Amino acid sequence: MSEDLLLTTGTKKDQYESLLPQIKALLEGEEDLIANLSNLVAALKQQFGWLWVGFYLVKKDELVLGPFQGPIACTRIKKGKGVCGSSWAEARTLVVPDVELFPGHIACSSASRSEIVVPVIRNGEVVAVLDCDSEMLSCYDETDQYYLEQIVNIPEF
Ligand code: SME
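Owing to the predicted nature of the structure, the values given are computational and were not obtained by experimental measurement.

Student: Before we go on, may I ask you to explain the pairing of strand β2 (residues 62-69) in this structure?
Tutor: With six bridges connecting them, strand β1 (residues 52-59) and β2 associate as antiparallel partners. Within β2, the residue paired with Lys59 across the bridge is Glu62. Turn length for the β1-β2 hairpin, with the two strands adjacent in sequence and antiparallel, is two residues, and the turn residue Lys60 shows positive phi of about 55 degrees. Where β2 folds back on strand β3 (residues 76-78), the antiparallel hairpin that results is connected by six residues, among which Gly70 adopts a positive phi of roughly 135 degrees.

Student: I'm lost on the pattern of salt bridges in this one. Help?
Tutor: When their charged atoms lie close together, side chains carrying opposite charge are able to pair. One pass over the full model with this rule turns up six salt bridges. Linking Asp141 and Lys12 is a salt bridge whose minimum nitrogen-to-oxygen distance equals 3.3 Å. With Asp141 in the loop between β6 (125-134) and α4 (142-151) and Lys12 in helix α1 (residues 12-27), this pair connects stretches of sequence that are 129 residues apart. Here Asp141 falls in the partly exposed class, since its relative accessible area comes to 28%. A salt bridge links Asp144 to Lys12; the shortest N-O distance between them is 2.4 Å. Remark: Lys12 occurs in helix α1 and Asp144 occurs in helix α4; sequence separation between them is 132 residues. Classification of Lys12 by relative accessible area gives partly exposed; the value is 25%. By sharing partners, the salt bridges in this structure join Asp61, Glu62, Arg76 and Lys78 into a single network.

Student: Got a minute to help me understand the site of the ligand in this structure?
Tutor: Around the ligand sit 13 residues, and of these Val83, Cys84, Ile106, Cys108 and Glu115 come closest. Cys84 is positioned with one of its backbone polar atoms (N or O) 2.8 Å from an oxygen atom of the ligand. Contact distances for the ligand include 2.7 Å between a nitrogen atom and a backbone N or O atom of Ile106. Secondary structure elements with two or more residues in the shell around the ligand: β1, α3 (82-90) and β6. No other element matches the three residues that α3 contributes to the shell around the ligand. A breakdown of the residues in the shell around the ligand according to their chemical character gives eight nonpolar, two polar and three charged.

Criteria and thresholds
- Residues numbered from 1 in each chain as written.
- Predicted model: local features only at pLDDT ≥ 70, side-chain atom pairs only at ≥ 80, totals over all residues.
- Heavy atoms only, no water.
- Pairing = 2+ DSSP bridges.
- Helix = DSSP H or I, 4+ residues; strand = E, 2+ residues; numbered from the N terminus.
- Salt bridge = Lys/Arg side-chain N within 4 Å of Asp/Glu carboxyl O.
- Buried < 20%, exposed > 50% of the residue type's maximum accessible area, 1.4 Å probe, protein only.
- Near = heavy atom within 4 Å.
- Polar contact = N/O pair within 3.5 Å; in protein donor to acceptor, adjacent residues only side chain to side chain.
- Nonpolar A, V, L, I, M, F, W, Y, C, P; charged D, E, K, R; others polar.

In structure tokens:
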């Protein structure tokens, strides 16, 4: 494994196309889940510089904070609550262009303006969600959804 991530400029698609194989290579050969999730969020944070990137892991009947990069965050989220809990309950990606317009949004950081939450589905069950938050409105779109849904399929849970 190379020590440094090769950071790219260009379109969002260019950035993901460069990052995707690097994340695959980074996780290859390491079986520890926390190590892999930690490097995965670090790679996204380094490339895109979003405010917050992290995983919440399904534990019993709630989501519990996992590896993340960014400001401190709430540790537990119930199913159906906030964007993360809604993504879990609905088992689908939620793109939120303006968090103030999402009923029940949980504001871990007042600086967050838009958000995308991608469920991690294994054997038909949501086992975690990847949450990305931006200080900009409408930061995330279908390109992020397309690539982040591929990226969350890389780690073995
Ligand atoms: N905003 C999320 C909570 C998690 S933090 O943003 C890190 C939500 O509404 O579920």
